[in-house]
Amino acid sequence: MNRITGIIFISVCLNISVQDIKTQDRSLVNTSESKHALLGSVDMDDVKWTKGFWAEHFRVCKDSMVPGMWKKLSDTIVSHSFRNFEIASGKEEGTHKGPPFSDGDFYKWFESAASVYSVTKDKELDRLMDEIIQVIVKSQREDGYIHTPVIIGQLNKRPGRKEFQERLDFETYNMGHLMTAACTHYRATGKTALLDAAVKATDFLYNYYKSSSPELARNAICPSHYMGVVEMYRTTGNPKYLELAENLINIRDLVKNGTDHNQDRIPFRQQKKAVGHAVRANYLYAGVADVYAETGDDSIMDALKLIWDDVVQKKIYITGACGALYDGVSPDGTSYNPAEIQQVHQAYGRDYQLPNITAHNESCANIGNILWNWRMLLVTGEARYADLMELTMYNSLLAGVSLDGNGYFYTNPLCVTDDITYTLRWSKQREEYISYCNCCPPNTIRTISEIHNYFYNISDKGVHINLYGGNALSTLLKDGSELQLTQLTGYPWDGDIKILIEKAPEKEFSVFLRIPGWCDKAEIWVNQSKSDLICVPGEYTEIRRKWVAGDEVELIIPMPVKLIEAHPLVEETRNQVAVKRGPVVYCLESEDIPETKSIFDIIIPSKIDLRPGMLKINSSEIMCLKGEALLSENPEWGSLLYRELPGDDPVPVNIRLIPYYAWGNRDHSEMTVWMPLSRGIHRQKEE
C-alpha cells in the first residue's frame, strides 16, 4: 500500500479528510484534542535554539550524535541493526544478529533523526530517512507484523519460528518504538510511508490482543507500545487504537503468576509503589498517563499519583536517576515462603535503598522518568512534574553521553572508585557503541534531540513556560492567534531570564512562568518594573495582561550554592552532603584534588564558601565551583576492614567541583557526588 492509497484508506475508514490529517497538530506528543489533558504542546518546529546551554547540546547532537550513531548502526562490523532490516526485506541474505530488541533501538535513532530534521530541514537527512523507510517497509509482513528476528527466521525456514513464541523477544517493544518514530517522522515531514507501516503494525496488535490469552499478553515486556498505540490514536483518530490501549492495561489484571519485575503481580489499579525493572516501569507509567489523557479514568490516575509519590519520596536519586539495583529480590522481607520471593533486575529497590558505587540507574530508566513526568505535566499542568524533568535532564540524562557526543553510559552511578575489589558488569568508561546492549545511546540521542519540545505548553489561558534556555518560539495559541517570543538567558549557570514578546494577539492572555521548587526568592519584572506577584516555589506564576510587541518579562532566580542531605534512612549517604546550584548537581573528581589524595579523604565543612566560575572541558563551557574543604590525612587501609579513628584533625585543602553530567570527560578518574560533612565540631585531644 503506497502513501496515497494508505492515507486514503485511513480517511475512508475514519471519515477524516486527507487535508485534516495533513494539517493536524504537529507536536511531539499531541494532546491538542485530549479531553483530559490540561496542556497542549507546541509544534515540533515552533522552538528554535539560539545560543546557550541547550543550543550547544543540540548542536553536538545534530553534528555528532545522530550521524555518528548512524555510522555504527549501518556498519555490519560494529552492529547488525540496520543489516537485519535489509535481510528481512530481501535486499541482503543472512541471519539475524544482535539482541531481539535491536529493531526498537534503531527506531529510537530514526526518531532522533526525524526530530533533528523538524528543526533543521536538512535535505540530506530527509533523503537518508526516505531510503531507510523503503527498507523498513519491505521488511514488514502483509499482516502488519514486523520483527526482524522472527521474519528472518521464517525467511530462512527456521523450524517453528513464529510470532510471540519467545517471551523475551521484545516484539511489542519494537513495534511501540516504530509507532512513535512514525508519528514523529510524519509530523516532521508530512510523509506517510512509515506511518502506513505503523498503521499496519498497530492493526496487527489490535487483532492479536483481541484473541490472545493473558499469559500471551505477558510478552508485552518493556511496554513502549502503550505510548506508541496512544500516539497512533492521536495521529489517525482510529478509535480501535484507544480501545487497544485501554485493553493493554486491563489485560494485565488477568495475568496469573505475575511478577513485580514486570509490574503485573497485582492489578495495576491496586498498585501503590514503584517496583521491578525500572525501564519497564517508567515506560508503563508514561503509557498509562497517555491513556488517562484520552479517557479520564481516575482509577489509573490514582495509582499513578501514588506510585509517583513513592518514587519521589523514597526511591529517586538526587540526580533524577532511578532503578538503584542491578539485581535484587521483591517482595523483600514480606514473606518467609521462598516461593514468594521473586528476583528483580535493573530495578527499583526497597524504600531508601540508594547505593552509590553499585547504583544501576540505567540511562533508559532515567529517560523513562522524563517521559512519564512530561505526560503527568500535560495532564495536570502541575509544576512539580516539570521540576523533576529538569532535574533529570541536567543531571542523569546528560551524564549518559560525553560532552563531544561520542561516548555513552549504560549505567549512571554516583560514585566511581578504582579501589573496589569486585568487577561491575557495566563499564564506568563511556563507550562509542555498547555492543552487548546498545539501547541507551539511541534513546539518549532522541531525548536530547527532542528537548526543545518540553520548553513550552499551550492552555486555554495562554502559554506555559516550563523550562529556561536561549531560544525563540513562534507558535499559535488555542484560538489560532500568533505568538512569538524570545528567551535570553545564560541558564542554568545564570538565573537571570529575559522573555521578549515579539508578536502577540490583540486580546489579553496569560504567560505562566514556572518557579523552580529549589528557588526561594524569585522575582518577576515586567517592562523594567518590579511586579508584586507572589512567586511560590514549585508552582507557576501567572501574568495576565494585554501584551504588545516589545514587552519584556524578566524572571530573576537566585542561584546560591546549597548543601543537600538525604533522609537518614538512606544509609549510604548518612552524615554526607551533595552540592547543588540551581538544577545542577555537582561532583568531586580525583583530577580536582591533590594527586596523591583520595576522593574519600575530602570533607565538606557546613559553612564552605564555594564560588562559581567557568571552566572549559572538551570545548564545552561549564560552571565549576571552587572552595576550601578539609582533607583527612588517613593512612592506607591495606587489608583492614576496621580500625581506630586516627587522631589528627583534618587540614584545609582547595577543591574544585564540576557538574555531575560532565564527569569522566577528562582522563580516567574517580568520582563521588556525596562527601562527608563537617559541622565544625572536633573531638578533644587526650591530655
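Shown above is the structure to which this text applies.
The structure reproduced in this document is the subject of the present report. All figures in this text were calculated on a predicted structure; none of them were measured in a lab.

### A look at the overall build of the protein chain
Right, on to step 1. Helix and strand content of the protein chain: 17 helices and 24 strands.
Right, on to step 2. Scaling as 2.2 N^0.38, a compact globule of 687 residues should have a C-alpha radius of gyration of about 26 Å, and the protein chain matches this with 26 Å.
Right, on to step 3. Along the first, second and third principal axes, the C-alpha atoms of the protein chain reach 90 × 65 × 45 Å.
Right, on to step 4. In the protein chain, which comprises 687 residues, the proportion classed as buried is 61%.
Right, on to step 5. Considering only contacts in the protein chain between residues 6 or more positions apart, those separated by 24 or more positions represent 71%.
Right, on to step 6. Total accessible area on the protein chain stands at roughly 28,000 Å², and carbon and sulfur atoms take up 50% of it.
Right, on to step 7. For the protein chain, the distance from the average position of its 74 positive side-chain charges to the average position of its 92 negative side-chain charges is 3 Å.

### A word on the packing of helix 9 (residues 193–211) against helix 12 (residues 239–250)
Right, on to step 1. Where helix 9 contacts helix 12, the axes come no closer than 10 Å and their chain directions differ by 50 degrees. One finds that helix 9 runs oblique with respect to helix 12. Considering only the axes of helix 9 and helix 12, their crossing is left-handed. Facing Val199, Thr202, Asp203, Leu205, Tyr206 and Tyr209 of helix 9, the residues of helix 12 in contact are Lys240, Tyr241, Glu243, Leu244, Asn247 and Leu248.
Right, on to step 2. Across the contact of helix 9 with helix 12, the residue classes break down as seven nonpolar, two polar and three charged.

### Some words on the environment of Gly52
Right, on to step 1. In this fold, Gly52 is placed in the loop between strand 2 (47–49) and helix 3 (53–73).
Right, on to step 2. According to the relative accessible area criterion, Gly52 is partly exposed, its value standing at 35%.
Right, on to step 3. Sequence separation between Gly52 and Pro492 is 440 residues; the distance between their C-alpha atoms is 9.2 Å.

### Brief notes about the sheet that holds strand 7 (residues 462–465)
Right, on to step 1. The five strands lie next to each other as 1-6-7-11-14, forming an open sheet whose pairing is mixed. The sheet terminates laterally at strand 1 (40–41) and strand 14 (539–545), the two strands that pair on one side only.
Right, on to step 2. Pairing of strand 7 with strand 11 (residues 509–515) involves four bridges; the strand directions are parallel. Counterpart to Ile465 in the pairing with strand 11 is Leu513.
Right, on to step 3. Docked against the sheet, helix 15 (residues 363–380) engages strand 1, strand 6 (456–458) and strand 14, running at close to 30 degrees with respect to strand 6.
Right, on to step 4. Sitting on the sheet, helix 16 (residues 383–399) touches strand 11 and strand 14, and the angle it makes with strand 11 is about 50 degrees.

### Re the side chain of Thr392
Right, on to step 1. Turning to its location among the elements, Thr392 is positioned in helix 16.
Right, on to step 2. If we skip the residues at most four places from it in the chain, Thr392 touches Thr319, Gly320, Asn366, Asn369, Ile370 and Leu397.

### So, the sheet that holds strand 15 (residues 552–556)
Right, on to step 1. Pairing in this open sheet of seven strands is antiparallel, and the strands run 2-8-9-10-15-12-13 from one edge to the other. Only two strands of the sheet have a single neighbouring strand rather than two, namely strand 2 and strand 13 (529–530).
Right, on to step 2. Relative to strand 13, strand 12 (residues 523–526) runs antiparallel, the two sharing two bridges. Considered in strand 13, the bridge of Trp525 is made with Lys530.

### Considerations on helix 13 (residues 278–295)
Right, on to step 1. Between its first and last C-alpha atoms helix 13 spans 25 Å; for 18 residues at 1.5 Å apiece the expected length is 26 Å, and the two agree.
Right, on to step 2. Most of helix 13 is tucked away: 17 of the 18 residues are buried.
Right, on to step 3. Looking at the residues trailing helix 13, positive phi occurs at Gly296, about 70 degrees.

### Some points on the packing of helix 11 (residues 224–236) against helix 13
Right, on to step 1. Between helix 11 and helix 13, the shortest axis-to-axis distance is 7 Å and the interhelical angle comes to 25 degrees. Here helix 13 runs roughly parallel to helix 11, going by the angle between their axes. For the pair helix 11 and helix 13, the sense of crossing is left-handed. Taken together, the residues of helix 13 that come into contact with helix 11 (itself represented by Ser224, Tyr226, Met227, Val230, Tyr233 and Arg234) are Tyr283, Leu284, Ala286, Gly287, Asp290, Val291, Ala293 and Glu294.
Right, on to step 2. A class-by-class count of the residues in the contact of helix 11 with helix 13 yields nine nonpolar, two polar and three charged.

### Examining empty space enclosed by the protein
Right, on to step 1. Taken as a whole and assessed by the stated rule, the structure comprises four cavities of 30 Å³ or more.
Right, on to step 2. Of the voids in this model, the largest cavity is the one considered here, and its volume is about 170 Å³.
Right, on to step 3. Looking at the lining of the largest cavity, the elements with two or more residues in it are helix 8 (171–189), helix 11, helix 15 and helix 17 (440–450).
Right, on to step 4. Of the residues assigned to the lining of the largest cavity, the class counts are seven nonpolar, five polar and six charged.

### As for unusual backbone geometry
Right, on to step 1. Residue Pro492 is bonded to the preceding Tyr491 through a cis peptide linkage, with omega at 10 degrees.
Right, on to step 2. For Pro492, the location among the structural elements is in the loop between strand 9 (482–489) and strand 10 (496–503).
Right, on to step 3. If you check the backbone angles, Gln346 has positive phi at about 50 degrees while not being a glycine.
Right, on to step 4. Mapped onto the elements, Gln346 comes out in strand 4 (residues 342–347).
Right, on to step 5. Taking relative accessible area as the criterion, Gln346 reaches 9% and is therefore assigned buried.

### Details of the side chain of Glu390
Right, on to step 1. Turning to its location among the elements, Glu390 is positioned in helix 16.
Right, on to step 2. Discounting residues that sit within four places of it in the chain, Glu390 has contacts with Leu467, Tyr491, Arg514, Pro516, Trp518 and Pro583.

### Structural notes on the pairing of strand 10
Right, on to step 1. Taken together, the six bridges between strand 9 and strand 10 define a ladder with antiparallel strand orientation. Among the inter-strand pairings, Leu485 is bridged to a residue of strand 10, identified as Ile501.
Right, on to step 2. By the bridge criterion, five bridges tie strand 10 to strand 15 in an arrangement that is antiparallel. Counterpart to Leu500 in the pairing with strand 15 is Glu552.

### As for the pattern of salt bridges
Right, on to step 1. Tallying each qualifying case throughout the model produces 51 salt bridges.
Right, on to step 2. A salt bridge links Lys62 to Asp63; the nearest nitrogen and oxygen atoms lie 2.6 Å apart.
Right, on to step 3. Assessed through its relative accessible area of 43%, Asp63 is described here as partly exposed.
Right, on to step 4. Linking Arg269 and Asp253 is a salt bridge whose minimum nitrogen-to-oxygen distance equals 3.6 Å. With Arg269 in the loop between helix 12 and helix 13 and Asp253 in the loop between helix 12 and helix 13, the pair connects residues that are 16 residues apart, well separated along the chain.

Criteria and cut-off values
- Residues numbered from 1 in each chain as written.
- Predicted model: local features only at pLDDT ≥ 70, side-chain atom pairs only at ≥ 80, totals over all residues.
- Heavy atoms only, no water.
- Helix = DSSP H or I, 4+ residues; strand = E, 2+ residues; numbered from the N terminus.
- Rg over C-alpha atoms; globule rule 2.2 N^0.38 Å.
- Buried < 20%, exposed > 50% of the residue type's maximum accessible area, 1.4 Å probe, protein only.
- Contact = heavy atoms within 4.5 Å.
- Areas by Shrake-Rupley, 256 points an atom, 1.4 Å probe, with all protein chains shown as cover.
- Lys, Arg positive; Asp, Glu negative; His and termini not counted.
- Charge placed at Lys NZ, Arg CZ, Asp CG, Glu CD.
- Axes fitted to C-alpha atoms, helices over the stretch in contact; angles between N-to-C directions.
- Parallel < 35°, antiparallel > 145°, perpendicular 65-115°, else oblique.
- Left-handed = near helix turned anticlockwise from the far one by under 90°.
- Nonpolar A, V, L, I, M, F, W, Y, C, P; charged D, E, K, R; others polar.
- Pairing = 2+ DSSP bridges.
- Expected span 1.5 Å × (residues − 1).
- 1 Å grid on protein atoms, 1.4 Å probe; cavity = no way out; pocket = protein on both sides within 12 Å on 5 of 7 lines; lining within 4 Å.
- Points joined across faces, edges and corners; volume = space filled by probe spheres on them.
- Salt bridge = Lys/Arg side-chain N within 4 Å of Asp/Glu carboxyl O.

In short, geometric facts, not functional conclusions.
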